[in-house]
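Take a look at the letters that make up each chain.
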Amino acid sequence: MPIPIAPILGIFADNVRQRGSVLPLSKRTATGWARGLDLPRGGETVLYTGHMYQMVPAIEAMSSQLALLENSFLTRFFGLGRLVNKLVSLSFFMSLVASPKKARRSNQVLRDIVGLLRDAGIEFGYLYEDEFYAGPLLYDNGLDEAFGRHARRVAAHLKKLGVRRLITVDPHTTKMFRRAYPHFVKDFDIEVQNYLEVLAEKHPKAVAPVNGEVVVHDSCVYARYENIAEQPRELLRAAGLAVREPKLAAKSTHCCGGPIESLFPSEAHRISGNRVDQLEAEGKNVVTMCPFCWVNLGKAAGNRLVINDIASTLAACRRKASAGR
Amino acid sequence: MIRVSSDLAARLKKEEGFNAGSCFHCGTCTALCPLGYKILPRKLFREAMLGLGDEVRASIPQIFSCLLCRMCEANCPQGVRIAENMRTLRCLITREDFDLT
Ligand code: SF4
Ligand code: SF4
């Protein structure tokens, strides 16, 4: 049997209602990445992670488990799983088998984003444990009642904390705050900018001569919902990299399969495999801009490609350039 | 158990997210969709607009496997909001069939 849709969506909705996130994370997992960075708590402008990079290791572990269950007789017990999940968070156990190496790498992406924004002279705070998941999996799966309740709770909380501007770091959270919240939250007036837009607005000058090349994989959400396609290219070129385009790129980018990873793991794998072939035709060093593209393409590519998040790539170029100065 | 909602067409008319009336069945969306489902999204939207609840429900796996990637939509000559239409169908199904609110 395929993975049953209703109980999985039920678990997502229950988790958000009871625990504030589809994939509840401990305080340490959600905020540990910021340790030692001396980020001011709160403020009018805050960096908003939406827990997305922090979820990467747990999502990777969970999707591997679900892929094993797909088409097995165990899928019959998913309804029971939902009942159990109401008492103890099943996804919490998934996070226990998550890879510590992946956790270090995804935390480093967030630290690199902080470094890039600071280098660009941007001032911002961070909400630490006062930051919540924004709700993309609820919204995308049509769980509008649950999403609306959650969005109003998050928006009221941000208002109470005096937040006026969010700097988001991933496509899905960006899309939620810019496109979904204004429909569900009356008078939602918090300004939302993505960090790639913030950095590109500074019109960075080239810091180094071209010393490498990368193949760019655009996120569908950035390119086709949020109009973020030119900014990452501009930033990569300024960092001293030649940008190579796969056959389907920017507004015509091909999905990584990530959005259906939890409900249709085999289909997701087929789609990410197709994308890996397209990327590989252009080169081995690939840059992604979304935590889920990073996980999915990484799983499908195995050792065929070296896949890095754009923030880590940009930060590495800056480090190299300043070491050579 | 799948329940039939006889007023599907009427309900979709009320959903501001659903626009499929201008589709002229050119097939561009099907040709570009990474999933390659033949019924998506044209046949599905027609069934939905005609209120064929059982036919729509038979496509629940396809409705929930849409990536919402907008590859189809970006190239639709008629400006059909295909991804939002899929999301709207999900809203109806999660509410009425899955009882998730
Ligand atoms: S591309 Fe647009 S007009 Fe053409 S079949 Fe698809 S939805 Fe209809
Ligand atoms: S939005 Fe859905 S129907 Fe359209 S191309 Fe993407 S997967 Fe296919």
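On a predicted model such as this, the values are computed, not experimentally measured, just so you know. (Residues numbered from 1 in each chain as written. Chains lettered and ligands numbered in written order. Predicted model: local features only at pLDDT ≥ 70, side-chain atom pairs only at ≥ 80, totals over all residues. Heavy atoms only, no water.)

K.L.:
How should I be thinking about the overall build of chain A in this particular structure?
P.N.:
Each helix and strand in chain A was counted, giving 15 helices and 8 strands. Counting contacts in chain A only where the partners sit at least 6 residues apart, residues at least 24 apart contribute 81% of the total. Within the structure as shown, chain A displays about 13500 Å² of accessible surface, and the carbon and sulfur contribution to it stands at 55%. (Helix = DSSP H or I, 4+ residues; strand = E, 2+ residues; numbered from the N terminus. Contact = heavy atoms within 4.5 Å. Areas by Shrake-Rupley, 256 points an atom, 1.4 Å probe, with all protein chains shown as cover.)

K.L.:
So what exactly am I meant to see when it comes to unusual backbone geometry here?
P.N.:
Among all residues save glycine, negative phi is the norm, and among peptide bonds the norm is trans. Residues and elements named next belong to chain A. Of note in this structure, Asn227 is not a glycine but carries a positive phi near 60 degrees. Tracing the backbone through its elements, the reader meets Asn227 in the loop between helix H11 (220–225) and helix H12 (230–238). One non-glycine residue, Ala250, lies in positive phi territory at about 50 degrees.

K.L.:
When you look at the sheet that holds strand E8 (residues 306–309) of chain A in this model, what are you seeing that I'm missing?
P.N.:
Note: strands within a sheet are paired through backbone hydrogen bonds, in either parallel or antiparallel orientation. Residue and element names in this part refer to chain A. Reading across from one edge, E6-E5-E7-E8 is the order of the 4 strands in this open sheet, with parallel pairing throughout. The open sheet is flanked by strand E6 (242–244) and E8, the only strands paired with a single partner. Averaged over all neighbouring strand pairs, the angle between strand axes comes to 40 degrees, with direction disregarded. Across 2 bridges, the pairing between strand E5 (residues 213–216) and strand E7 (residues 285–288) is parallel. Counterpart to Val215 in the pairing with E7 is Val286. (Pairing = 2+ DSSP bridges. Axes fitted to C-alpha atoms, helices over the stretch in contact; angles between N-to-C directions.)

K.L.:
What's the story with the side chain of A:His254 in this structure? I'm lost.
P.N.:
Structurally, A:His254 can be placed in the loop between E6 and helix H13 (265–280). Residues contacting A:His254, with those up to four places away along its chain left out, are A:His217, A:Cys220, A:Leu248, A:Ile271, A:Asn274, A:Arg275, A:Gln278 and B:Pro34.

K.L.:
Teacher, can you tell me more about the confidence of the model for chain B here?
P.N.:
Predicted coordinates in areas of low pLDDT are best not read in detail. Residues and elements named next belong to chain B. Considering every residue of chain B, the mean pLDDT works out to 86; 94% of them sit at 70 or more. Mean pLDDT across the elements of chain B ranges from a minimum in helix H1 (residues 8–14), with 76, to a maximum in helix H6 (residues 71–75), with 95. Model confidence for the complex is summarised by a pTM of 0.92, with the ipTM given as 0.91. (pLDDT = per-residue confidence, 0-100.)

K.L.:
Even after reading the chapter, I still don't get the site of ligand 2, so can you show me in this structure?
P.N.:
Contacts to ligand 2 come from B:Cys33, B:Pro34, B:Leu35, B:Cys66, B:Leu67, B:Leu68, B:Cys69, B:Arg70, B:Met71 and B:Cys72. Split into classes, the residues belonging to the shell around ligand 2 amount to 9 nonpolar, no polar and 1 charged. (Near = heavy atom within 4 Å. Nonpolar A, V, L, I, M, F, W, Y, C, P; charged D, E, K, R; others polar.)

K.L.:
In this structure, what is going on with the packing of H13(A) against helix H14 (residues 291–301) of chain A? I would like to understand it.
P.N.:
The relative placement of two packed helices comes down to the angle between their axes together with the axis-to-axis distance. Residue and element names in this part refer to chain A. Running from N to C, H13 and H14 cross one another at 80 degrees; their axes reach a closest spacing of 9 Å. In this view, H13 runs roughly perpendicular relative to H14, as classed from their interaxial angle. When H13 is examined against H14, the residues His269, Ser272, Gly273, Arg275, Val276 and Leu279 are found in contact with a partner set consisting of Asn296, Leu297, Lys299, Ala300 and Ala301. Classifying every residue of the contact of H13 with H14 gives 5 nonpolar, 4 polar and 2 charged. (Parallel < 35°, antiparallel > 145°, perpendicular 65-115°, else oblique.)

K.L.:
In this structure, what is going on with the pattern of salt bridges? I would like to understand it.
P.N.:
Opposite charge on two side chains permits them to pair, given that their charged atoms come into close proximity. Residues and elements named next belong to chain A. Tallying each qualifying case throughout the model produces 27 salt bridges over all chains. The closest approach of N and O atoms between Arg318 and Asp119, which form a salt bridge, is 3.0 Å. Of this pair, Arg318 sits in helix H15 (residues 310–324) while Asp119 is found in helix H6 (residues 100–119), placing the two residues 199 residues apart along the sequence. Owing to a relative accessible area of 51%, Asp119 belongs among the exposed residues under this scheme. When the shortest N-O distance is used, the salt bridge between Asp189 and Arg164 registers 3.8 Å. (Salt bridge = Lys/Arg side-chain N within 4 Å of Asp/Glu carboxyl O. Buried < 20%, exposed > 50% of the residue type's maximum accessible area, 1.4 Å probe, protein only.)

K.L.:
Would you mind going over the packing of aromatic side chains with me for this structure?
P.N.:
Aromatic ring pairs: the centre-centre distance and the angle between the two ring planes describe each pair. Residues and elements named next belong to chain A. Inspection of every chain in the model, using the stated rule, returns 12 aromatic pairs over all chains. Relative to Phe177, the ring of Tyr48 lies with its centre 5.1 Å away and its plane at 90 degrees, an arrangement referred to as edge-to-face. One end of the pair, Tyr48, is in strand E1 (residues 45–48); the other, Phe177, is in helix H9 (residues 171–184), and 129 residues separate them in sequence. What makes Tyr48 buried here is its relative accessible area of 1%. Classification of Phe177 as buried rests on a relative accessible area of 1%. (Phe/Tyr/Trp six-rings, centres within 6.5 Å; stacked < 30°, edge-to-face > 60°.)

K.L.:
Can you help me understand the site of ligand 1 in this one?
P.N.:
Among the 13 residues in the neighbourhood of ligand 1, the closest are listed as B:Cys23, B:Cys26, B:Cys29, B:Arg42 and B:Cys76. Taken together, the residues of the shell around ligand 1 sort by class into 8 nonpolar, 4 polar and 1 charged.

K.L.:
Please explain the interface of chain A and chain B as it appears in this structure.
P.N.:
Interfaces are often described in size by the accessible area the parts lose on coming together. Contacts between chain A and chain B engage 31 residues on the former and 24 residues on the latter. With both chains or domains summed, chain A and chain B bury close to 2300 Å², and 62% of this area falls on carbon and sulfur atoms. Counting every contact that joins chain A to chain B gives 2 salt bridges. Taking the shortest distance from any N to any O, the salt bridge between B:Arg95 and A:Glu145 comes out at 3.6 Å. The interface formed by chain A and chain B holds 8 residue pairs in polar contact (both at pLDDT 80 or more) in total. Top contributing element to the side of chain A that touches chain B by residue count: helix H1 (residues 5–19) of chain A, with 5 residues. Residues of the side of chain A that touches chain B, tallied by class, amount to 15 nonpolar, 7 polar and 9 charged. (Buried area = accessible area lost by both parts, 1.4 Å probe. Polar contact = N/O pair within 3.5 Å; in protein donor to acceptor, adjacent residues only side chain to side chain.)

K.L.:
So what exactly am I meant to see when it comes to H15(A) here?
P.N.:
Residue pairs spaced three or four apart in an α-helix point in one direction, given the helix's 3.6 residues per turn. Residue and element names in this part refer to chain A. Taking 1.5 Å of rise per residue, 15 residues should cover 21 Å, and H15 covers 21 Å from first to last C-alpha, within 8% of that figure. Where H15 is concerned, the buried positions are Ile310, Ala311, Ser312, Thr313, Leu314, Ala315, Cys317 and Ala321. Tucked into the core, H15 has its buried residues touching H6, helix H10 (195–201), E5, H12, E7 and E8. (Expected span 1.5 Å × (residues − 1).)

K.L.:
Sorry if this is basic, but what is going on with the sheet that holds strand E4 (residues 191–194) of chain A here?
P.N.:
Residues and elements named next belong to chain A. One open sheet holds the 4 strands; their spatial order is E2-E1-E3-E4, and the pairing between them is parallel. With partners counted over all chains shown, the strands left at the sheet margins are strand E2 (125–126) and E4, one partner each. Of the pairings in the sheet, the one linking E1 to strand E3 (residues 165–168) comprises 4 bridges and is parallel in character. The residue of E3 that forms the bridge with Leu47 is Ile167. In this fold H9 packs onto E1, E3 and E4, with an angle of close to 155 degrees to the strand it touches most, E4.

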